[in-house]
Amino acid sequence: MKTEKAPPGSRLLVVDDEPAILDVLATSLRFLGYEVAEATTGRGALAAVREHAPDLVLLDVMLPDLDGFEVVRRLRRGGSDVAVVFLTARESGSDVVDGLDLGADDYITKPFRLAEVAARVRAVMRRGEGRNAGATLVCADLEVDTDTYEVRRAGQRVDLSPTEYRLLCHLLRNRGKVLTHTQLLQHVWDFGDGDPGVVKTYVSYLRRKLDSLGPPLIETRRGIGYTLREPDDR
């Protein structure tokens, strides 16, 4: 297992009802320097988030009381923006998209390698470090304030999920460039071999919210990927 150490004070919550999996994950992550709390149920996870204020939750989807999806729903309704990585034995693309759409940041399919878990945890935590803080990203009448995470088009506020926001920011930072499905998976979801359908789904979500307020900004390059351009540049 890769031995890159955690940043000082990094706190994780590991939630799984299988004792062997819970123990090996918690032990391995503590070895890397993380402060690790544990829970075995959905309600226990909600209580542990309140008590320990973790930076990230590794959350099993199949739990004996509340499933992982419901845990995330309740966290988001309660105003918590803690990062969440699902642990799932499900391979259905729709399950994955549903989980990400609820506000989860990533998912890992069981069985997994510990090195992969550690790498995904590091990647998701890096996303929360406020890269490009203070910048305002602009394209036509679309503006994103990366200090406040506010998105506006034609002066109207646009509410985005965390994944939609990351995707939009990456398109804006690369405006005019054609980004492949693989590039978007790597930079928005931190994996390059996932299902391109996830990207297609999230682009459709963005279009639905943005195009209702003005001309289309996201252009599809069939068989390649997507680009964000001002309408006058086409």
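Residues numbered from 1 in each chain as written. Predicted model: local features only at pLDDT ≥ 70, side-chain atom pairs only at ≥ 80, totals over all residues. Heavy atoms only, no water.

- The name that an unreviewed UniProt entry assigns to the protein is Response regulator transcription factor, with the source organism given as Streptomyces pakalii.

### Observations concerning the sheet that holds strand S11 (residues 218-221)
- The antiparallel open sheet is built from three strands, whose spatial order is S10-S12-S11. The outermost strands of the open sheet, each flanked by one partner alone, are strand S10 (179-180) and S11.
- Both S10 and strand S12 (residues 225-228) contribute to a ladder of two bridges, which runs antiparallel. Within the sheet, the bridge partner assigned to Thr180 lies in S12 and is Gly225. (Pairing = 2+ DSSP bridges. Helix = DSSP H or I, 4+ residues; strand = E, 2+ residues; numbered from the N terminus.)

### Observations concerning the sheet that holds strand S3 (residues 56-60)
- Strand order in the open sheet made by the five strands is S2-S1-S3-S4-S5, with parallel pairing throughout. Where the open sheet ends on each side, the last strands, each with one partner, are strand S2 (35-39) and strand S5 (106-109). Strand-to-strand, the axes of this sheet are offset by a mean angle of 20 degrees, without reference to chain direction.
- Across four bridges, strand S4 (residues 83-88) lies against S5 in parallel orientation. Note on S5: the bridge partner recorded for Leu87 is Ile108.
- Against the sheet, helix H1 (residues 19-31) contacts strand S1 (11-15), S2, S3 and S4, and its axis sits at roughly 165 degrees relative to S2.
- Each of S3 and S4 touches helix H3 (residues 68-77); the most contacted strand, S4, lies at about 170 degrees to it. (Axes fitted to C-alpha atoms, helices over the stretch in contact; angles between N-to-C directions. Contact = heavy atoms within 4.5 Å.)

### Looking at the packing of helix H6 (residues 162-173) against helix H7 (residues 181-188)
- Two elements in contact, H6 and H7, have axes separated by 10 Å at closest approach and are oriented at 120 degrees. Comparing their axes, H7 and H6 come out oblique. Considering how the two elements wind past one another, H6 and H7 form a crossing that is right-handed. Here H6 contributes Thr163, Arg166, Leu167, His170 and Leu171 to the contact with H7, which in turn contributes Leu184, His187 and Val188.
- Residues belonging to the contact of H6 with H7 are distributed by class as follows: four nonpolar, three polar and one charged. (Parallel < 35°, antiparallel > 145°, perpendicular 65-115°, else oblique. Left-handed = near helix turned anticlockwise from the far one by under 90°. Nonpolar A, V, L, I, M, F, W, Y, C, P; charged D, E, K, R; others polar.)

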